[in-house]
Structure formats: C-alpha cells, structure tokens
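Structural features, examined
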Amino acid sequence: LVHMAVNTTLGRSATKDLGHEMYKVDRITDSFEQRVQNVYTNALADLVNRKLIAIVSIEVTRNPNNSPSRAFVLLKYQDLTTGSLGQYGVEETLSI
C-alpha cells in the first residue's frame, strides 16, 4: 500500500484519494524539504488514518549525484498490523 501511494500521481488511479502531488513542487527554495515531506505525508494520510502505518520519518536529499532537478526521498514507517519497520525510497525528477 505504501508503494502504491508513493508511486501513483493523485488523480491517476481508480481510487480517488490514492497518490501524491509531487508535480506541485515546481521549484527548489529554502522550504523545499518541508514541501516534499508534506506531499508524502498527505499521500500516506489515508494509511495513517486507517491505522495501518505510522510514519517514522521522511528524509529528503536534494541533488543526488549532483543532479539539480532530482531529489531522493526515504520514507520510514512502522506497519501497525505487524509491528515491523519498513522503508521505501523514491527518486523524483522535478519539473523545474
């Protein structure tokens, strides 16, 4: 479910509330990390509200491999159904 939430653009699936709005992050500013964290917090909100996961952290790295239009996001979460910890990484290309 985490995989689907972070790899689906909101509005592009049969499930109305599934996905992220990373496309709205269109420039890198001082608040870039916070805006990306908000995007993924919102994408995972349904899973959190349903008490399926708890977000442990969302780490954002600007410019991985010196690429100015890319960001790496590492989501760490706890699966509340099993108690296990999980993580999922995604590299984003920004439309800047």
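Everything below is about the structure printed above this text.
Every chain's residues receive numbers from 1 upward, in the order its sequence appears when written. In keeping with the predicted nature of the model, local features appear solely for residues at pLDDT of at least 70, side-chain atom pairs appear and are counted solely at 80 or more, and the whole-chain, interface and lining totals rest on all residues. The side-chain quantities take in all heavy atoms of the structure and omit both hydrogens and water.

Before going further, it helps to spend a moment on helix α2 (residues 32-49). A run of DSSP states H or I qualifies as a helix once it reaches four residues; a run of E qualifies as a strand once it reaches two. Both are numbered from the N-terminal end. Helix span is expected to be 1.5 Å times the residue number reduced by one. Taking 1.5 Å per residue, 18 residues should reach 26 Å; α2 reaches 25 Å between its end C-alpha atoms and fits that length. The term bend refers to the angle at a residue between two fitted axes, each drawn through seven residues, those ending there and those starting there. At Ala43, α2 is bent by approximately 40°, the largest bend along its length. Note on contacts: a residue pair is in contact if any heavy atoms of the two residues lie within 4.5 Å. Each element contacted by the buried residues of α2 is listed here: α1 (2-7), β1 (53-62), β2 (70-79) and β3 (85-93). Backbone geometry just downstream of α2 places Lys51 in the positive-phi region, at approximately 60°.

Time to look at the nonpolar core. Only buried residues count toward a nonpolar core. Its members are Ala, Val, Leu, Ile, Met, Phe, Trp, Tyr and Cys residues joined through side-chain atoms within 4.5 Å. Buried, partly exposed and exposed residues are distinguished by accessible area as a fraction of the type maximum, computed with a 1.4 Å probe on protein chains only: under 20%, between the cut-offs, and over 50%, respectively. Counting residues in each nonpolar core, the largest one holds 21 residues, and the members touching the most others are Met22, Phe32, Val36, Tyr40, Leu44, Val73 and Leu75. When contributions to this core are tallied by element, the ones reaching two or more residues are α1, α2, β1 and β2. With six residues, the single largest contributor to this core is α2. What Met22 contacts, discounting residues up to four positions off in sequence, is Val36, Val39, Tyr40, Glu92 and Leu94.

Relative to the elements of secondary structure, His20 occurs in the loop between α1 and α2. Classification of His20 by relative accessible area gives buried; the value is 7%.

Considering the arrangement of structural elements, one finds Leu80 in the loop between β2 and β3. Residue classification places Leu80 among the partly exposed residues on the basis of a relative accessible area of 42%. Spatially, the C-alpha atom of Leu80 lies 9.2 Å from that of Val48, the residues being 32 residues apart in sequence. Once residues within four sequence positions are removed from consideration, Leu80 is found in contact with Lys51, Leu52, Ile53 and Ala54.

Read these as spatial facts, not as claims about activity.
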